[in-house]
Amino acid sequence: MVGQSNSEFLFEKVTLIGVGLIGSSLARAFRSRNIVKQIAVAARSQSTLDRVAELGLADSVHSDLAEAVEGADLVILCSPVGAYDGIASVIGPHLKAGVVVTDVGSVKQAVIRDVDQYLPDGVHFVPGHPIAGTEKSGPDAGFAELFDGRWCILTPPPGADHRAVEAVSELWRRCGSMVELMEPAHHDKVLAITSHLPHLIAYTIVGTATDLEASERAEVIKFSAGGFRDFTRIAGSDPVMWRDVFLNNREAVLEMLQRFSEDITALQRAIRWGEGDTLEALFLRTREIRQGVVEAHQAGSFDPREPKADD
C-alpha cells in the first residue's frame, strides 16, 4: 500500500492495462509529475506495445497480464469496460496482498459487478471515472494535462479501505483533477444524462447525415456549422468504448432517453403550432445551464492545448 515509505513517489509500481487516450495520458502525467516510480503497460496488440516503448511511456510492456501485474502496488484498468470481466479473471490470482485496483470506466455498477468477484482478500478496489477526454484514441493521443481542472469521480463499494480510497484520490489530485466520491448507481444515472445520452444523440445525428443523398451529404460536410461540428467531434469517439458504455448502463440510458423523447415530442408540438413563448422559455432556461457550466470552469475543450473557445 502507498504511504508506507518516505519516497517522493505515491506508488512504487503501477500497471496500466490498456493504453488509449486515458491510459497514455496517465502514463505521461505519472512521468512528468513524478507520481509513480515504475510504469508497466499491458495491451493485446504488439504494435501498440511497440509504440508505447517508442514513446517512452513505460518502463516495461507486456502482452501477458499476469506478468504485467506482478509486484504492482496499483493496477488501473484502462480498457473498454466490456473487457473488464475477462481481465479481472486473469489478473486476480496474481495480485499481491495490499495492491489497489482502480479503473477509468464511464459506468460503475457494471464495473463493480464484473471486477470485484475476482479480487482476492487483501486487494483494495476503488473504481474511478475521470470526466475528461477527447475524441482521439490510442497511445499517441494522450497528454499529461488532460486531467487538469477536471473532475474525477470515485465510487468505492461498501467497506472499501479508507487508505486505499485516499491514495487513489491523491493520485488523481496530483494528476490535476478535483475528486468527488459518489454512490455507484447515482454516478451511472448522472453520467447517463451528462455524457452517455449526448454521445448517443451525436452518433444519431451524424448517422442521419450519412444517410442523406450523396450531394446533400457533401454539402452537410462542406457547410458544417458550429453545432454540427461539435456533434461530429463527439461522434468521432472510440466506437468500442461507447458500445460497451451503452450496453453496461442500459437502464439509466434508456430512462434518460425516454425523458428526452418526451421532451422532443413536446418541442415538436410547439414548433408545429407556432408556440413561440414555449420555445423561448426553453431556450432561456437552457442558456442558464450553459452559464452555470461556464462558471464552474467546465466549458470549452477538454484539451487545454487547443485555443479556448469564446464563452
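Preceding this section is the structure that the text describes.
Residues numbered from 1 in each chain as written. Predicted model: local features only at pLDDT ≥ 70, side-chain atom pairs only at ≥ 80, totals over all residues. Heavy atoms only, no water.

Visitor: I tried to follow the overall build of the protein chain on my own but got confused; where do I start?
Guide: The helix and strand inventory of the protein chain stands at twelve helices and nine strands. For 311 residues, the compact-globule estimate of 2.2 N^0.38 gives 19 Å, and the protein chain sits close to it at 21 Å. Its C-alpha atoms put the protein chain at 70 × 40 × 35 Å along the principal axes. The buried share among the 311 residues of the protein chain stands at 44%. Expressed as a percentage of contacts within the protein chain between residues at least 6 apart in sequence, the contacts between residues at least 24 apart total 75%. Just so you have it, the protein chain exposes about 16300 Å², and 53% of that area is on carbon and sulfur atoms. (Helix = DSSP H or I, 4+ residues; strand = E, 2+ residues; numbered from the N terminus. Rg over C-alpha atoms; globule rule 2.2 N^0.38 Å. Buried < 20%, exposed > 50% of the residue type's maximum accessible area, 1.4 Å probe, protein only. Contact = heavy atoms within 4.5 Å. Areas by Shrake-Rupley, 256 points an atom, 1.4 Å probe, with all protein chains shown as cover.)

Visitor: Whenever I open this one, the sheet that holds strand β8 (residues 151–154) confuses me. Can you help?
Guide: As a general point, the strands of a sheet are linked pairwise by backbone hydrogen bonds and lie either parallel or antiparallel. Pairing is mixed across the open sheet formed by three strands, whose spatial order is β7-β8-β9. Only two strands of the sheet have a single partner each, and these edge strands are β7 (128–130) and β9 (178–181). Here the strands of the sheet are splayed against their neighbours by 20° on average, with no regard to which way each runs. One ladder, built from three bridges, connects β7 with β8; its direction is antiparallel. Its bridge partner being in β8, Gly128 is matched across the sheet by Leu154. Against the sheet, helix α6 (residues 162–174) engages β7, β8 and β9, with an angle of about 165° to β8. (Pairing = 2+ DSSP bridges. Axes fitted to C-alpha atoms, helices over the stretch in contact; angles between N-to-C directions.)

Visitor: Where do I start with the pairing of strand β1 (residues 11–17) in this structure?
Guide: On any regular strand, side chains alternate: one points to one face of the sheet, the next to the other face. Burial within β1 is extensive, with six of its seven residues counted as buried. Alignment of β1 against strand β2 (residues 36–42), held across six bridges, turns out to be parallel. Its bridge partner being in β2, Phe11 is matched across the sheet by Val36. With helix α1 (residues 21–32) bridging β1 and the parallel β2, this β-α-β connection has right-handed handedness. (Right-handed = clockwise from strand over helix to strand, strands pointing away.)

Visitor: In this structure, what is going on with the pairing of β2? I would like to understand it.
Guide: For β2, the buried fraction is high: five of the seven residues fall into the buried class. The pairing of β2 with strand β3 (residues 60–62) spans three bridges and is classified as parallel. By the bridge assignment for β3, Ala40 is matched with Ser60.

Visitor: What should I look at first to understand unusual backbone geometry in this one?
Guide: When glycine is set aside, most residues are seen to have a negative phi, and most peptide bonds are trans. With a phi close to 55°, Asn34 is a non-glycine residue in the positive phi region. Note on placement: Asn34 falls in the loop between α1 and β2.

Visitor: Sorry, what's going on with the environment of Val19 here?
Guide: You can see Val19 is positioned in the loop between β1 and α1. Taking the C-alpha atoms as reference, Val19 lies 8.9 Å from Ser137; in sequence the two are 118 residues apart. Residues contacting Val19, with those up to four places away along its chain left out, are Ser24, Val41, Thr48, Val52, Gly138 and Pro139.

Visitor: Whenever I open this one, the sheet that holds strand β5 (residues 100–103) confuses me. Can you help?
Guide: What the six strands build is an open sheet, ordered β3-β2-β1-β4-β5-β6; its pairing is parallel. One side of each edge strand has no neighbouring strand; the edge strands of this open sheet are β3 and β6 (124–125). Bridging between β1 and strand β4 (residues 74–77) involves four bridges; their strand directions are parallel. Note on β4: the bridge partner recorded for Thr15 is Val75. Against the sheet, helix α4 (residues 84–91) touches β1, β4 and β5, its axis set at about 155° to β4.

Visitor: I'm lost on helix α7 (residues 184–210) in this one. Help?
Guide: Since there are 3.6 residues in each turn of an α-helix, residues three or four apart along the chain are aligned in direction. In this model α7 runs 36 Å from its N-terminal to its C-terminal C-alpha over 27 residues, within 8% of the 39 Å that 1.5 Å per residue would give. Its maximal kink placed at Ala192, α7 deviates by approximately 55°. (Expected span 1.5 Å × (residues − 1). Bend = angle between axes of the 7 residues up to and from the residue.)

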